[in-house]
Amino acid sequence: MPSSQSQIVVTPAQQRFASWMTDVLVYIVVLNLFVEHAREVVIDSFTISILTAILLKLMLDALLGVEHRVSAYFASRQGTVFKILGPLTVFSILFFSKFLILEVVNFVFGDHVALGHFVEIAAIVVAMIVASRVLRVIYMRLGRPVAGQ
């Protein structure tokens, strides 16, 4: 029987799984709140909202990865042109990605999902990112510092 002082080691795979599950569950909640309170957002069923949340998680992770790589590329370059092009390029990626998200969701789910227009999808994405971040902050604050750090 483990003692009360035993230490549990969490693997990177467990961390990724927990992060993914948390994000997907948060996305399901956010999507369904928008379905309930924004008439432009329509999802035919709860099952489709789960599948939509998974698709959005995949797409947001991919888009944030592209944004981070592009940002790092421009940050590693010297010169005024790169200092101007960097933020403009990142902004363009973040702006136009909302249209990409709308098109991919429309392609995959057709008439079963309507995420509204640009304003609604931008609000949904921001709400998902903020809600996930808030949960991560709460989770981290509930932890204990490791001795010696």
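Definitions and cut-offs
- Residues numbered from 1 in each chain as written.
- Predicted model: local features only at pLDDT ≥ 70, side-chain atom pairs only at ≥ 80, totals over all residues.
- Heavy atoms only, no water.
- 1 Å grid on protein atoms, 1.4 Å probe; cavity = no way out; pocket = protein on both sides within 12 Å on 5 of 7 lines; lining within 4 Å.
- Points joined across faces, edges and corners; volume = space filled by probe spheres on them.
- Helix = DSSP H or I, 4+ residues; strand = E, 2+ residues; numbered from the N terminus.
- Salt bridge = Lys/Arg side-chain N within 4 Å of Asp/Glu carboxyl O.
- Buried < 20%, exposed > 50% of the residue type's maximum accessible area, 1.4 Å probe, protein only.

## Comments concerning the layout of surface pockets
Size it by volume and the second largest pocket reaches roughly 150 Å³. Around the second largest pocket, the lining residues are Leu60, Leu63, Leu64, Leu94, Ser97, Lys98, Ala122, Val125, Val126 and Ile129. Breaking the lining of the second largest pocket down by element, the ones donating at least two residues are helix H2 (46-75), helix H3 (80-109) and helix H4 (118-142). Here the lining of the second largest pocket gets four residues from one element, more than from any other, and that element is H4.

## Some details on the pattern of salt bridges
One pass over the structure, following the stated rule, counts three salt bridges. Among the ionic pairs, Lys57 bridges to Asp23, the shortest N-O distance being 2.6 Å. Of the two residues, Lys57 is situated in helix H2 and Asp23 in helix H1 (residues 12-37); the sequence distance between them amounts to 34 residues. Like Asp23, Lys57 is buried. With a shortest N-O distance of 3.0 Å, Asp23 and Arg136 are connected by a salt bridge. Of the two residues, Asp23 is situated in helix H1 and Arg136 in helix H4; the sequence distance between them amounts to 113 residues. Since its relative accessible area comes to 32%, Arg136 is described here as partly exposed. Each of Asp23, Lys57, Asp61 and Arg136 takes part in a single network of salt bridges with overlapping partners.

Scope: geometric values only; no functional claims are made or implied.
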